[in-house]
Each structure stands twice: as C-alpha cells, then as structure tokens.
Amino acid sequence: MDKHVTFRNGQQVCPLGQGTYQMGRRRNEEIQALRRGIDLGLTLIDTAEMYDTEDLVGEAVRSCRNKAFIVSKVLPSNASYEGTKRACERSLRRLGTDYIDLYLLHWIGRYPFSETVRALVELQQEGKIRQWGMSNLDVDDMEHILSLPHGKDCAANQVLYNLKDRGIEYDLIPWSEQHGILVMAYTPLGEGRLRNHKTLIEIARRHNATSTQIMLAWVMRTQNVIAIPKASSIAHVEENARSLDISLTEEDLHDIDKVFPAPTHKVRLAGW
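Remember, it's a predicted structure, so these values are computed and weren't measured experimentally.

Cut-offs and rules
- Residues numbered from 1 in each chain as written.
- Predicted model: local features only at pLDDT ≥ 70, side-chain atom pairs only at ≥ 80, totals over all residues.
- Heavy atoms only, no water.
- Buried < 20%, exposed > 50% of the residue type's maximum accessible area, 1.4 Å probe, protein only.
- Helix = DSSP H or I, 4+ residues; strand = E, 2+ residues; numbered from the N terminus.
- Arc of directions from axis to C-beta.
- Contact = heavy atoms within 4.5 Å.
- 1 Å grid on protein atoms, 1.4 Å probe; cavity = no way out; pocket = protein on both sides within 12 Å on 5 of 7 lines; lining within 4 Å.
- Points joined across faces, edges and corners; volume = space filled by probe spheres on them.
- Nonpolar A, V, L, I, M, F, W, Y, C, P; charged D, E, K, R; others polar.
- Phe/Tyr/Trp six-rings, centres within 6.5 Å; stacked < 30°, edge-to-face > 60°.
- Lys NZ or Arg CZ within 6 Å of the ring centre and 35° of its normal.
- Salt bridge = Lys/Arg side-chain N within 4 Å of Asp/Glu carboxyl O.
- Pairing = 2+ DSSP bridges.
- Right-handed = clockwise from strand over helix to strand, strands pointing away.

J.: Which parts of the structure should I look at to understand helix 7 (residues 198-206)?
T.: Turn by turn, an α-helix covers 3.6 residues, leaving residues three or four places apart pointing in a common direction. Within the sequence span of helix 7, burial applies to Thr199, Leu200, Ile203 and Ala204. Buried residues of helix 7, viewed axially, fall in a sector of 135 degrees; they line one side. More than 90 degrees from the buried face of helix 7, the exposed residues found are Lys198 and Arg205. Against helix 8 (211-219) and helix 10 (250-259) lie the buried residues of helix 7. Positive phi appears at Asn208, one or two residues downstream of helix 7, with a value of about 50 degrees.

J.: Honestly, the layout of surface pockets in this entry has me stumped. Any pointers?
T.: To find leftover empty space, a probe the size of one water molecule is rolled over the atoms. Each pocket or cavity is described by its volume, and for the largest pocket that value is around 610 Å³. Tyr21, Thr187, Glu191, Pro229 and Lys230 are, among the 25 residues lining the largest pocket, the residues nearest its centre. For the lining of the largest pocket, the per-class residue count stands at nine nonpolar, 11 polar and five charged.

J.: Explanation requested: the packing of aromatic side chains in the structure shown.
T.: By convention here, two paired aromatic rings are described through the distance between centres and the angle between planes. This model, assessed by the stated rule, comprises three aromatic pairs. Note on Phe7 and Phe69: the rings are 5.2 Å apart at their centroids and 15 degrees apart in plane angle, and the pair reads as stacked. Note that Phe7 is positioned in the loop between strand 1 (5-6) and strand 2 (12-13) and Phe69 in strand 5 (residues 69-74), a separation of 62 residues in sequence. Accessibility expressed as a relative area gives 2% for Phe7, which makes it buried. Given a relative accessible area of 3%, Phe69 falls into the buried group. An angle of 35 degrees between the planes, with centres 5.3 Å apart, marks the rings of Tyr161 and Trp218 as tilted. Taken as a pair, Tyr161 in the loop between strand 8 (156-160) and helix 6 (172-178) and Trp218 in helix 8 lie far apart in primary sequence, 57 residues in all. Per residue, the accessibility class of Tyr161 equals that of Trp218, and both read buried. The lysine or arginine in question, Arg65, covers the ring of Tyr99, its NZ or CZ lying 4.1 Å from the ring centre. One Lys or Arg, Arg118, reaches over the ring of Tyr81 and ends 3.8 Å from the middle of that ring.

J.: Would you mind going over the pattern of salt bridges with me for this structure?
T.: Opposite charge on two side chains lets them pair, provided their charged atoms get close. Tallying each qualifying case throughout the model produces 22 salt bridges. The salt bridge partner of Glu54 is Arg94, with a shortest N-O separation of 2.6 Å. Of the two residues, Glu54 sits in helix 2 (residues 54-61) while Arg94 sits in helix 3 (residues 81-95), which places them 40 residues apart along the sequence. Taking the relative accessible area as the measure of exposure, Glu54 reaches 2% and is therefore buried. Among the salt bridges present, the one from Lys266 reaches Asp171, with a minimum N-O distance of 2.8 Å. One end of the pair, Lys266, is in the segment after helix 10; the other, Asp171, is in the loop between strand 8 and helix 6, and 95 residues separate them in sequence. What makes Lys266 partly exposed here is its relative accessible area of 39%.

J.: Explain the pairing of strand 8 here, please?
T.: Along any regular strand the residues' side chains alternate between the sheet's two faces. In terms of burial, strand 8 is largely enclosed, as five of its five residues are buried. Of the strand pairs in this sheet, strand 7 (residues 129-135) and strand 8 are connected by two bridges, and their pairing is parallel. The residue bridging Met134 from the neighbouring strand is Asn157, located in strand 8. For strand 8 and strand 9 (residues 182-186), the ladder comprises five bridges, and the chain directions are parallel. Paired with Ala156 across the two strands is Leu182, which belongs to strand 9. In the classification by handedness, the crossover that spans strand 8, the intervening helix 6 and the parallel strand 9 is right-handed.

Shown next, in the form of structure tokens:
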C-alpha cells in the first residue's frame, strides 16, 4: 500500500482517493467511512460546491486536517475572476479550513479561462489553495490553459474514466503525462454496473479479490492516474483500499482489452 502519485509541486498522494458526490443521506456513517479511508492511507477526498458535501468533508477531517488532501471545485457559473475568489472563500468556510489542497474549475462555462486561471493563481499566491487544476477538459482546452500566464502550473484534470469510458487513453492521458499533469478518474467503477461482468469476476478469482478491486486496480495501472470512487460505508472503503495490493498481469490486461477495447480513434470527452 505504498503506492503514490506525485504532483508537479512534489506533493505525493495515494492514487486511490475518496469521492463524495451524492453523499449526505447517511451522514454519520459517511463521515466514519471517510475517516476510515484516511486511516488506510486514502487521504485524498474529492468534493465540490455543487455536491453540497463540503461541510461533511470538513467535519470528517477536522481532527486530522494535516493528513487529508482536500479537492474542491468552483461551478462554471461562479468562475469569473471575482466569482472564483468568492466561491473559494465560501468553500473554505464550509470546509472549516484555511486552505484547499487542490481547487478545480468543475467544467467549461461562459467565463474565459483567462479570468478563472488569474483568480486561481492569485488564490494560490495568497495561500488559500495549494494547487489548482481543471475538470472535464479535453486536450485542446488544456492546451489553451497551458498557454495562459502561469498556465503551466495546472496540476490536474479530473475526467470520466472507467473500463467502458476509455476514450481519454487515446490522447488525453499521454498528453497529460507529457506535461506533468495528473489525471483524476471520476466514476472509476462505471456507476457499479460492471461488477457482475463475467470477465472481471474471473480475473478477480485469480487474485482472490472482487471485481470492484480489479476495476480500481485497472484504473490505477498507469503512473499519473488517481481513482476517486465514492464509498459511503466502512466496508466499501476497506474493499476499495485492498485494490492497492493488486498488480494486474499481462493476461489480465489482455482479457480486459478483449471485452473493453482501448480506443483506436479520437473520442469526444464524456462528462458534463
């Protein structure tokens, strides 16, 4: 479980994080699950102003803030220069912290990237965020980000990635690796619909594992990808964490490619 990925500023995190989208229905149980994840080394916790889970995350990490790596996001409708700064202040209050480890633009909106990035850079200079990045951006938009003043400081891009949604392998993953930008994979389990696939069950049997663990191990098989599955119970967090101990073989990867083929051409980025 000593796997890690490294951000451009040298910060290292576990490649398996914890998502919080649609949490809040079983608040106490979910807080305990997040804390258990941190104990297991899954210190990256992903939230957003849109998710309405920042206060939940804040409560979960209050006693261990120095161990947690918090990711949050600004809504595109708030992503003007001034709006980004105000949104960040609101997120800080809800989280009950004085800094966010990684702050992202959630998806493309009507405001120019230059406005949003200028605000992100200033928030970083003020110490309110440690790093900044993007979400749901494809290669051409990421090229635009890098062309802006301080744009090359962009640390991450969070996008949809799982066995059924492999389009980013064609160009976005290699491009991101080339530019030192980490890829964060949301919905890495494909919303759970793939768990009963016979190929995954067979591979899981070889590893004395579950199909969930195989899917997560697959997403994390490359050096610059972080998986952020949601796990709202301690049992699920513990199941997810065991994926860090799985090394898929060439046979496993070949069998997966047969039923979930890699892209052979450019695929429009899925997401928002």
